[in-house]
Amino acid sequence: MDAKLANPTEMIRRGAPCVIHNDEELAEYTEALFELTAKPDLTADEEEAIELMTLLVECYEQQSYPVAG
């Protein structure tokens, strides 16, 4: 197992992005995404953070605000 994943609970405790549970958290993630994407030169870590946070936002929005089709 990858050492980074050996203790996922510790990752969350230290502030790693986690599942969005409500609109307040959604707003926080959205604001953080706007700030990150506004930067002119992104590092690889920042690009990874954007990708992960985007997935979390999309998941929450799909579950909370489904589009009728």
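The following paragraphs examine the structure supplied in this document. (Residues numbered from 1 in each chain as written. Predicted model: local features only at pLDDT ≥ 70, side-chain atom pairs only at ≥ 80, totals over all residues. Heavy atoms only, no water.)

Taking 1.5 Å per residue, 15 residues should reach 21 Å; helix 2 (residues 23-37) reaches 21 Å between its end C-alpha atoms and fits that length. Buried-residue contacts for helix 2 involve helix 3 (44-64). (Helix = DSSP H or I, 4+ residues; strand = E, 2+ residues; numbered from the N terminus. Expected span 1.5 Å × (residues − 1). Contact = heavy atoms within 4.5 Å.)

A separate point is the environment of Ile20. Note that Ile20 resides in the loop between helix 1 (8-13) and helix 2. For the pair formed by Ile20 and Leu56, sequence separation is 36 residues and the distance between their alpha carbons is 6.5 Å. Sequence-distant contacts of Ile20, defined by excluding residues within four places in its chain, comprise Glu25, Leu26, Tyr29, Leu56, Val57 and Tyr60.

Tallied over the full model, the rule gives 1 aromatic pair. When the centroid spacing of 6.5 Å and the interplanar angle of 80° are considered together, the rings of Tyr60 and Tyr65 count as edge-to-face. Tyr60 gets classed as buried once you look at its relative accessible area, which sits at 9%. Exposure remark for Tyr65: the relative accessible area of 46% places this residue in the partly exposed category. (Phe/Tyr/Trp six-rings, centres within 6.5 Å; stacked < 30°, edge-to-face > 60°. Buried < 20%, exposed > 50% of the residue type's maximum accessible area, 1.4 Å probe, protein only.)

Together, Leu5, Met11 and Ile12 give the surface a local cluster of nonpolar side chains, amounting to about 260 Å² of exposed area. You can call Met11 partly exposed: its relative accessible area is 33%. (Patch = residues over 30% accessible without salt bridge, like charges linked within 9 Å, V, L, I, M, F, W, Y side chains within 5 Å. Areas by Shrake-Rupley, 256 points an atom, 1.4 Å probe, with all protein chains shown as cover. Salt bridge = Lys/Arg side-chain N within 4 Å of Asp/Glu carboxyl O.)

Turning our attention to the side chain of Glu46. Structurally, Glu46 can be placed in helix 3. Look at Glu46 and you get buried, because its relative accessible area is 14%.

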